[in-house]
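What the coordinates show
Listed here are the chains, written in short residue letters.
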Amino acid sequence: MIITKTPFRMSFFGGGTDMESFFRVHEGAVISTTFDKYCYVNVRHLPPFFDYSTELSYSKTERVASIDAIQHPAIRNAMKMLDMHNIRLTYEADLPARSGLGTSSSFAVGMLNAFYALKGKYADKKKLADEAIYLERILCEEAGGWQDQIAASYGGFNRINFHKDGTYDVLPIIISPERKAKLDQNLMMFFTGFTRFSSKIQKTNAASPEKREAKEKRLLEMLALVDDAESVLTNNERDLDDFGRNLDHTWKLKRQTGSAVSTSNIDEIYKRGIEAGALGGKLLGAGGGGFFVFYVQPEKREALKAAMRDLLYVPFHFEDGGSRVLYYSPEDYEVKGKA
């Protein structure tokens with residue numbers, strides 16, 4: 001039996017520039033962090049006593065006699081990709097899916113990590129990230145960028161650079177412990193209650209009537225903000241509150257990159273947050289719903305909580321671990337027949 005633990009991520013700056021259609025032309029960069037909310041994937045071989053060969057438990061339960069009959073596209077394609085058979089898989093998570101925290105990619109990374117461990121093989125962070133990108137973007141044909149899979153695999157507070165040749169670099173952002181703790185304290189996250197499929201939002205935004213040239217211009221401005229945001233974090237002479245002001249700037253730019261990014265309800269939530277004293281914030285993920293993160297000074301935290309009293313406040317702290325095997329117990333197992 002294998003149990004993997006994989007963190008969720010929040011992306012602060014550069015979202016959208018991790019799309020291959022963008023960074024293959026302009027290069028791209030994001031600043032993101034993983035935090036202490038996780039998904040858990042439990043995998044073992046299914047004992048040969050049933051009339052089905054695969055049992056899956058996530059938001060629903062599947063029991064099938066053929067891999068091709070699996071409804072969940074990521075599981076079906078991952079099992080084919082790694083030649084997995086006779087599997088019992090269970091998924092659990094601290095936060096809901098389709099909420100802007102890269103949950104599907106965290107699951108993909110955690111599942112691949114578990115599958116490799118079950119086969120008695122070690123997969124390093126880059127291998128997990130690369131194969132999760134291939135699984136979601138190529139095999140499952142889901143629209144989206146590359147940052148989520150990389151963040152879930154590597155963990156930590158990073159700048160991820162994307163290059164025209166299709167390579168990427170994961171560069172940990174070096175922040176003094178005191179400054180990082182202050183940033184941690186100044187960020188507050190709230191659940192809007194709306195969930196959505198990121199892939200559908202991406203497709204809607206790509207098909208929006210907005211001129212491609214105008215969208216590209218916004219993304220280039222968002223890319224430029226990555227450098228300044230990194231400077232705020234690493235330069236102790238800079239005012240850390242500029243991180244919040246930059247969040248406000250990037251959210252205003254992001255709202256202009258697609259018709260499905262924001263809604264009147266989301267705009268109203270953001271307005272309330274700013275009026276309560278937050279210096280800035282953004283909706284996490286592709287847009288349309290999910291979680292809001294705000295940057296707020298300590299003396300304004302209670303006012304912000306009061307303004308968001310109809311939303312669920314979710315405390316969190318940064319984490320550095322990335323995907324890991326939490327429990328490993330080898331099995332004496334022999335495949336009797338491939339389904």
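Residues numbered from 1 in each chain as written. Predicted model: local features only at pLDDT ≥ 70, side-chain atom pairs only at ≥ 80, totals over all residues. Heavy atoms only, no water.

The name that an unreviewed UniProt entry assigns to the protein chain is Kinase, with the source organism given as Baileyella intestinalis. Its UniProt record gives the protein chain a comment under Sequence similarities (unreviewed entry), which states: "Belongs to the GHMP kinase family." (UniProt positions renumbered as here; feature names shortened; annotations may be inferred.)

To continue, consider the overall build of the protein chain. For the protein chain, the count of helices and strands is 11 helices and 13 strands. The proportion of buried residues among the 339 residues of the protein chain is 55%. In the protein chain, the proportion of contacts linking residues at least 24 apart, taken out of those at least 6 apart, comes to 75%. For the protein chain, the exposed surface amounts to about 14,900 Å²; the carbon and sulfur share of it is 50%. (Helix = DSSP H or I, 4+ residues; strand = E, 2+ residues; numbered from the N terminus. Buried < 20%, exposed > 50% of the residue type's maximum accessible area, 1.4 Å probe, protein only. Contact = heavy atoms within 4.5 Å. Areas by Shrake-Rupley, 256 points an atom, 1.4 Å probe, with all protein chains shown as cover.)

Below, the discussion takes up the nonpolar core. The tendency in soluble globular proteins is for nonpolar side chains to be buried side by side. Among the nonpolar cores identified, the biggest contains 70 residues, and Leu89, Phe115, Leu187 and Phe243 are the most heavily contacted of them. The element best represented in this core is helix α3 (residues 103-118), accounting for 10 residues. Here this core spans two domains, and each of domain 1 (2-173 + 321-328) and domain 2 (177-314) adds at least three residues to it. Excluding anything up to four places from it in sequence, Phe243 contacts Phe12, Phe13, Leu183, Leu187, Val232, Leu233 and Tyr295. Ile266, Ala276, Ala278 and Phe294 belong to the second-largest nonpolar core, a separate cluster that totals 16 residues. (Core = buried A, V, L, I, M, F, W, Y, C linked by side-chain atoms within 4.5 Å. Domains from an automatic or database assignment.)

With a phi angle near 55 degrees, Asp83 is a residue other than glycine that sits in the positive phi range. Secondary-structure assignment places Asp83 in the loop between α2 (73-81) and β5 (87-93). Positive phi outside glycine occurs at Glu141, with the angle close to 55 degrees. Looking at where Glu141 falls in the secondary structure, it is placed in the loop between α4 (125-139) and α5 (147-154).

Moving on to the pattern of salt bridges. Inspection of the entire model under this criterion finds 20 salt bridges. Across the pair Asp320 and Lys180 runs a salt bridge, and its minimum N-O distance is 3.5 Å. With Asp320 in the loop between β12 (318-319) and β13 (324-328) and Lys180 in helix α6 (residues 177-186), this pair connects stretches of sequence that are 140 residues apart. Among the residues examined, Asp320 registers a relative accessible area of 54% and is labelled exposed. (Salt bridge = Lys/Arg side-chain N within 4 Å of Asp/Glu carboxyl O.)

To continue, consider the sheet that holds strand β9 (residues 280-283). Spatial strand order, β9-β10-β8-β11: four strands in an open sheet with antiparallel pairing. Since the sheet does not close on itself, it has two edges, and those belong to β9 and β11 (312-313), each with one partner. Taken strand by strand, helix α9 (residues 241-254) contacts β8 (187-191), β9 and β10 (291-295), and its axis lies near 40 degrees from that of β9. The sheet strands contacting helix α10 (residues 264-275) are β9 and β10, and the helix crosses β10 at an angle near 20 degrees. (Pairing = 2+ DSSP bridges. Axes fitted to C-alpha atoms, helices over the stretch in contact; angles between N-to-C directions.)

Locating Gln297 in the fold gives a position in the loop between β10 and α11 (301-307). With relative accessibility at 18%, the residue Gln297 sits in the buried group. Side-chain polar atoms of Gln297 contact the side chain of Asp241, separated by 2.8 Å. Those residues within four positions of Gln297 in sequence are excluded, and the remaining contacts are Asn186, Asp241 and Leu279. (Polar contact = N/O pair within 3.5 Å; in protein donor to acceptor, adjacent residues only side chain to side chain.)

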